[in-house]
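Structure at a glance
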Amino acid sequence: MAAATQASRPAFRVGDRIRISDRTPVGHYRTPMYVRGKTGHIERVLDLFLDPEAEGYGRNEGAEIRLYRVRFKQRDLWPDYTGGPEDELQIEMYEPWLERA
Amino acid sequence: MSDHDHDHDHEHPGTAKDEALPGYYAILEISVRELLTEAGLITADEHRRQIEILDSRSPALGAKVVARAWVDPAYKARLLADGSAACEELGVTMYDNTRLIVHENTDELHNVVVCTLCSCYPRPVLGLPPDWYKNKQYRARVVKEPRAVLKEFGTVIPEGVEIHVHDSNANMRYLILPQRPAGSEKLTEAELAGLVTRDAMIGVTTVKLPVGASPGGRS
């Protein structure tokens, strides 16, 4: 119960500057390569959802983790981006992939 | 087959003349479904019912939501604040445990949706995704060069208009609220819904009046 309460408190707030972990685990995950190691900001804090890395192996019980939406400037994702400087990419990201930046 | 030399005066099971043999994933699906049914975890009727629900969804539902938002500012505010709840107000249920986020296109901002990992799509409001949405070219390119990809769809985003690409990679689903076309002021809500297309709600095009429609009038 205490663990659930702990997990339900978001570690990040809207506007926090974050970096996506640059790691390559084995298994099922929903963090595309193109955002790993990139720096952005928390766009909004979402609810708790099943961790796909546990769910992928049938481990559902107690495996809920915090989900966020993260915004990146396109120029921070793609060095050769030719669109406007304010263009953005937004993506959902689970808390274990977020690092303070 | 070299060992298959008898005359074909009979049907082999699963090899009807017009039908290809089921592939690996089709066989996997049948096997899992039959095991779940035999184990009593799902019934054949529940399976049939779920397919019926999937097939009942179409872009007409999303169009109804968009048209309501165009004519009712309070509804639009609720839709942008909580897409799922606002759709459910109109009887469009989120049957698949996803939540809907609605992004509004404006004079300053254009939004477009993709799922780079697979083909996540707001099925409860739009039905099944088009083939191009699942295509690797679209998924790989629109995140990196959205203006070029949109131009290939015939959609030229003016310089100075910001583009936001939304990667639908996890539990949320995304619906784009397109701009109401100029000259549609006198149209009814139902007529407006008739203008809203699937592609406009994914964000690869805009909503236009029918060619030949007289601006401001009914055609």
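Residues numbered from 1 in each chain as written. Chains lettered and ligands numbered in written order. Predicted model: local features only at pLDDT ≥ 70, side-chain atom pairs only at ≥ 80, totals over all residues. Heavy atoms only, no water.

**Some words on the interface of chain B and chain A**
Where interface size is quoted, it is often the accessible area lost as the parts come together. Test applied: Should any heavy atoms of two residues lie within 4.5 Å, those residues are counted as being in contact. In this description, buried area is defined as the sum, over both parts, of the accessible area (probe of 1.4 Å) that is lost when the two are combined. The rule for a salt bridge is simple: a side-chain nitrogen of Lys or Arg has to be within 4 Å of a carboxyl oxygen of Asp or Glu. Polar contact is defined as a pair of N or O atoms within 3.5 Å, subject to the rule that within protein one atom must be able to donate a hydrogen and the other to accept it, and that residues adjacent in sequence are counted only when both atoms are side-chain atoms. Under the DSSP-based scheme used, a helix requires at least four consecutive residues in state H or I and a strand at least two consecutive residues in state E, with every element numbered from the N terminus. When residues are sorted by character, Ala, Val, Leu, Ile, Met, Phe, Trp, Tyr, Cys and Pro go into the nonpolar class, Asp, Glu, Lys and Arg into the charged class, and all the rest, Gly among them, into the polar class.
With 24 residues of chain B in contact, the opposing surface of chain A contributes 26 residues. In total, chain B and chain A occlude about 2,000 Å² of area from one another, counting both sides; carbon and sulfur atoms represent 48% of this. Summed over the shared surface of chain B and chain A, the number is two salt bridges. In this structure, Arg-99 of chain B and Asp-47 of chain A form a salt bridge, with 2.6 Å as the shortest nitrogen-oxygen distance. In this structure, the connection of chain B to chain A is made through 19 residue pairs in polar contact (both at pLDDT 80 or more). Elements with a minimum of two residues in the side of chain B that touches chain A: strand 1 (99-104), helix 9 (146-152), strand 3 (162-167) and strand 4 (172-177) of chain B. By residue number, the principal contributor to the side of chain B that touches chain A is strand 3 of chain B, which donates six residues. In terms of residue class, the side of chain B that touches chain A is made up of twelve nonpolar, seven polar and five charged.

**Some words on the packing of aromatic side chains**
All names here are of chain A. The line we're drawing: Any two of the Phe, Tyr and Trp rings considered here, Trp counted by its six-membered ring, make a pair once their centres fall within 6.5 Å; the pair's planes then place it as stacked at under 30 degrees, edge-to-face at over 60, or tilted in between. Only protein chains enter the accessibility calculation, which uses a 1.4 Å probe. A residue is then buried if its area is under 20% of the maximum for its type, exposed if over 50%, and partly exposed in between. Comment: the charge-over-ring label is applied if NZ (Lys) or CZ (Arg) is within 6 Å of the ring centre and within 35 degrees of the ring normal.
What the rule picks out here adds up to ten aromatic pairs over all chains. On the basis of an interplanar angle of 20° and a centroid distance of 5.4 Å, the ring pair of Tyr-34 and Trp-78 is categorised as stacked. Separated by 44 residues along the polypeptide, Tyr-34 in the loop between strand 1 (17-20) and strand 2 (39-50) and Trp-78 in the loop between helix 3 (74-77) and strand 4 (88-94) bring together distant segments of the chain. For the pair Tyr-34 and Trp-78, a shared accessibility class is recorded, and that class is buried. A cation over a ring is seen here: Arg-23 above Trp-97, with NZ or CZ 4.1 Å from the ring centre.

**Let's talk about the layout of surface pockets**
Put simply, the rule is: Computed over the protein atoms alone on a 1 Å grid, cavities are sets of points where a 1.4 Å probe fits but cannot get out and pockets are open sets with protein on both sides within 12 Å along at least five of seven lines; a residue lines them when it has an atom within 4 Å of a point. Grid points are joined across faces, edges and corners, and a volume is the space filled by probe spheres set on the points.
Its boundaries defined by the atoms lining it, the largest pocket holds a volume of some 400 Å³. Lining the largest pocket we find 16 residues, and of these Glu-55 of chain A together with Asp-96, Asn-97, Ala-170 and Asn-171 of chain B sit closest to its centre. The set of elements that each furnish at least two residues to the lining of the largest pocket consists of strand 2 and helix 2 (52-55) of chain A. Looking at the lining of the largest pocket element by element, the count peaks at three residues for strand 2 of chain A. Among the residues forming the lining of the largest pocket, the class breakdown is six nonpolar, four polar and six charged.

**Considerations on the sheet that holds strand 4 of chain A**
Stated precisely, the cut-off is as follows: Criterion used throughout: strands pair if DSSP finds at least two bridges between them. Axis definition: a line fitted to C-alpha atoms, over the contacting stretch in the case of helices. Angles run 0 to 180 degrees between N-to-C directions.
Ordered by their spatial adjacency, seven strands build an open sheet running 5(A)-1(A)-2(A)-3(A)-4(A)-3(B)-2(B), and the pairing between neighbours is mixed. Looking at the sheet topology across the chains shown, the edges are occupied by strand 5 (98-100) of chain A together with strand 2 (109-114) of chain B. Taking each pair of neighbouring strands and ignoring which way they run, the sheet shows an average axis angle of 35°. Where strand 1 of chain A meets strand 5 of chain A, three bridges bridge the pair, whose relative direction is antiparallel. Opposite Arg-19 of chain A, over in strand 5 of chain A, you have Glu-99 of chain A as the bridge partner.

**What about a nonpolar patch on the surface?**
Applied cut-off: Excluding any residue in a salt bridge, patches collect residues exceeding 30% relative accessible area, merging like charges within 9 Å and nonpolar Val, Leu, Ile, Met, Phe, Trp and Tyr side chains within 5 Å. Every accessible area reported is derived by Shrake-Rupley at a probe size of 1.4 Å, with residue values counting cover from the shown protein chains alone.
Side chains of Tyr-24, Tyr-25, Leu-28, Val-32, Leu-36 and Leu-41 of chain B sit close together on the surface and give an oily, nonpolar patch of about 670 Å² of accessible area. Mapped onto the fold, Leu-41 of chain B is located in the loop between helix 1 (24-38) and helix 2 (44-56).

**Focus: the nonpolar core**
Stated precisely, the cut-off is as follows: Put simply, buried Ala, Val, Leu, Ile, Met, Phe, Trp, Tyr and Cys residues joined by side-chain atoms within 4.5 Å make one nonpolar core.
One finds Leu-98 of chain A together with Tyr-138 of chain B to be the most contacted residues of the largest nonpolar core, which totals 73 residues. Broken down by element, this core gets its largest block of residues, seven residues, from helix 3 (residues 59-71) of chain B.

**Some thoughts on the confidence of the model for chain A**
Operational definition: As a per-residue measure, pLDDT reflects the predictor's confidence and takes values from 0 up to 100.
Per-residue pLDDT for chain A has a mean of 91; in total, 93% of the residues score no lower than 70. In the model, residues 1-5 of chain A has pLDDT below 50 throughout and makes zero contacts with residues more than four positions away in sequence or in other chains.

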